[in-house]
Amino acid sequence: MGTDAIICHPDDTVATAVRDLAPGERVRATGCGEVVGIELRDSVLLGHKLALRDICEGEEIIKYGEKIGRATSAIRQGEHVHLHNVDGLRGRGDLR
Amino acid sequence: MKFLGYVRPDGRVGTRNHVLIFPTVICATAVAQMIQREVPGTVTVDHPHGCGHMGEEKDLIVRAMAGVCSHPNVGGVLLVGLGCELITPEVVSGAMLANRRCELLSIQAEGGTRGAVQKGKDLAARLVAEIAQDEREPTDISALIVGTNCGGSDTLSGLTANPAVGAAADRIVAGGGTVILSETPELIGAEHVLSRRAASAEVRRRIYEITAATEELAMKAGVDIRNSEPSPGNKAGGLTTLEEKSLGAILKGGTSPIRQVISYAERPIESGLVIMDSPAHDAVCNTGMIAGGAQIIVFTTGRGTPLGAPTAPVVKVSSNSGLYRRMVDNLDVNAGSVLEGTETVDELGERLFREIVSVASGRLTKAELLGHNEFAIHSLGLNV
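Quick caveat: nothing in here was measured; it's all calculated off a predicted structure. Within each chain, residues carry numbers counting from 1 in the order of the written sequence. Following the order in which they are written, the chains are lettered starting with A and the ligands numbered starting with 1. Local features are withheld for residues below a pLDDT of 70 in this predicted model, meaning they are given only at 70 or higher, and side-chain atom pairs are given and counted only at 80 or more; totals for whole chains, interfaces and linings count all residues.

Draft legend 1. Quick look at the overall build of chain A. In terms of regular secondary structure, chain A is built from 0 helices and 9 strands. Strands here are runs of E lasting at least two residues and helices are runs of H or I lasting at least four, both read from the DSSP assignment and numbered beginning at the N terminus. Each helix (α) and strand (β) of chain A, taken in turn from the N terminus, gives the series β-β-β-β-β-β-β-β-β. Throughout, the radius of gyration refers to the C-alpha atoms, and the reference size of a globule is 2.2 Å times the residue count to the power 0.38. Here chain A has a C-alpha radius of gyration of 13 Å; the compact-globule value for 96 residues is 12 Å, and the two agree. Taking the principal axes of the C-alpha coordinates as reference, chain A spans close to 45 × 25 × 20 Å.

Below, the structure is given as structure tokens:
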């Protein structure tokens, strides 16, 4: 479908890579909305997520139009979004 | 639409016609296997249960065993016990709601392994001869209960395979059939989305109740649920949090109203989409849905799994083409076509729906061809 990453919902702040993407690549994310010319800052493998825009530390990460977690550090557009910079909000018995 | 099924005396319809050699206690497992190996046309299971269970756990295990043994996919069952256990063949047969061809065998009463195997072989061979008389007949798909499950998911599961299963689920429900959405941990973070489709206030209350109870397990244990959910393979596949996994997993249920929330291994009363409160463990979840009456399971995967079930076909759907090519021996349908743009989610849903009807009518799945028969009953840890 001529896209590098899929956007599930218009409110999403992340997109899912549909092929292995390399740092420095300019990528196009499509689906519910379109963001073009994102310069990748990290390697993002097939199925992994990249930031569609800059995300502040503490900001909720949105996918499927819903919150899937919270940024543990500032994330810039084109960065890999995964375990190293996102915390889950549910089932956090470690915080009780 | 019709499928070809085995119509049973209780009106339920089987997609298979198995003779099941079922040990009601772990002590009878080896004898059950010896009988199964010597009588062609039989299947068996192994499990660690049958003794020491207390209270609610005993009820759950008896319900699950009876549900599997009286299932419409089972034309005949030989229940094998030791003789001194808590859950004897008599206990299980007493709990079986349907009047299936059922034989009972006790190892102690037959004087040990050799005697029990000899008698068991005779009983099993007779059951095999009896079920050979059964014939498939055209049956409306409203008789189908389709269980859905996902295991070894990646982020693509939520973009391709799961929504396609959802599109097939909508077609089953539109035809009057029943679809089970399960794996309670994988509803956590998506309850609010599901609750909007609850058919009643009670269903809405139950959705929140079962997810809160499961989340509380992690809270009580003092751990981040993300240590276990998503699994290491899920994370390698790009899934970051449980919420993300859940929001992708619930797509398997399609878009129809949620009619009922049932307990593990419980039979749905309502048709349409129902939720079963079950663990996310693949085999435990499948066994619970089969015990609840599912005659076929549709299972999505992004990392790949060989999983099957002893008495029901498991149709496995790959979330991506790379996996499908690597594990084609184990996978039935490739949803990677959606990513490649050669098929829409809805077109794939239609293809999957037809595949479900075809498998329900007798076409064997990859798991059946390979002899996969994973089986596990949920344990509440209430045993001594």
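Draft legend 2. Broad picture of the overall build of chain B. On a plain count of helices and strands, chain B comes out with 14 helices and 14 strands. In terms of C-alpha radius of gyration, chain B reaches 20 Å, essentially the compact-globule figure of 21 Å for 384 residues. Projected onto its principal axes, the C-alpha positions of chain B cover 60 × 50 × 40 Å. Note on burial: count the other C-beta atoms lying within 10 Å of the residue's C-beta; 20 or more is buried, 12 or fewer is exposed, in between is partly exposed, and C-beta positions come from the backbone. For chain B, buried positions account for 61% of its 384 residues. Sequence-distant contacts in chain B: of pairs separated by 6 or more residues, those separated by 24 or more amount to 73%. Two residues qualify as being in contact provided that their C-beta atoms, derived from the backbone, are within 7 Å of each other.

Draft legend 3. View of the interface of chain A and chain B. Every contact between the two is made by 25 residues of chain A and, on the other side, 29 residues of chain B. Under the scheme applied here, ten amino acids are nonpolar (Ala, Val, Leu, Ile, Met, Phe, Trp, Tyr, Cys and Pro), four are charged (Asp, Glu, Lys and Arg), and all others, including Gly, are polar. Residue composition of the side of chain A that touches chain B, grouped by class: 9 nonpolar, 8 polar and 8 charged.

Draft legend 4. Fine view of the domain arrangement of chain B. All names here are of chain B. Domain boundaries in chain B define domain 1 (18-131) and domain 2 (139-370). Those elements giving two or more residues to the side of domain 1 that touches domain 2 turn out to be β3 (18-23) and α2 (55-69). Considering each element in turn, the side of domain 1 that touches domain 2 owes the most residues, 5 residues, to α2. Of the residues belonging to the side of domain 1 that touches domain 2, the class tally is 8 nonpolar, 4 polar and 1 charged. Domain limits in this description derive from either an automatic procedure or a database domain assignment.

Draft legend 5. Expanded view of the nonpolar core. Nonpolar cores are built from buried Ala, Val, Leu, Ile, Met, Phe, Trp, Tyr and Cys residues. These are joined into a set through C-beta atoms within 7 Å. Counting 140 residues, the largest nonpolar core has B:Cys69, B:Ala164 and B:Ile356 as its most contacted members. Counting contributing residues, this core receives three or more from each of domain 1 (18-131) and domain 2 (139-370) of chain B.

Draft legend 6. Layout of the sheet that holds strand β1 (residues 5-7) of chain A. Residues and elements named next belong to chain A. A strand pair is defined by DSSP finding two or more bridges across the two strands. Strand order in this open sheet of 6 strands is β4-β3-β1-β2-β5-β8, and the pairing throughout is mixed. Looking along the sheet, the strands with just one partner apiece sit at the ends: β4 (35-39) and β8 (80-81). Summarising the sheet, strand β3 (residues 26-31) and β4 pair through 3 bridges and their orientation is antiparallel. Looking across to β4, one finds that arginine 26 is bridged to glutamate 39.

Draft legend 7. Here's a closer look at helix α9 (residues 242-249) of chain B. When you tally the buried positions in α9(B), you get 8 out of 8 residues, the bulk of the element. When we look at burial in α9(B), the residues that qualify are B:Leu242, B:Glu243, B:Glu244, B:Lys245, B:Ser246, B:Leu247, B:Gly248 and B:Ala249. On its buried face, α9(B) is in contact with β6 (60-63) and β7 (66-71) of chain A together with β8 (145-150), α5 (161-174), α6 (191-195) and α8 (232-236) of chain B.

Draft legend 8. Layout of the pairing of strand β1 (residues 2-7) of chain B. Residue and element names in this part refer to chain B. Pairing of β1 with strand β7 (residues 137-140) involves 4 bridges; the strand directions are antiparallel. Counted as the bridge partner of phenylalanine 3 is threonine 139 from β7. Here 2 bridges tie β1 to strand β2 (residues 13-14), and the two strands are oriented antiparallel to one another. By the bridge assignment, valine 7 is partnered in β2 with valine 13. Taking the residues that link successive antiparallel strands as the turn, the β1-β2 hairpin has 5 residues, and the phi of glycine 11 there is positive, at about 95°.

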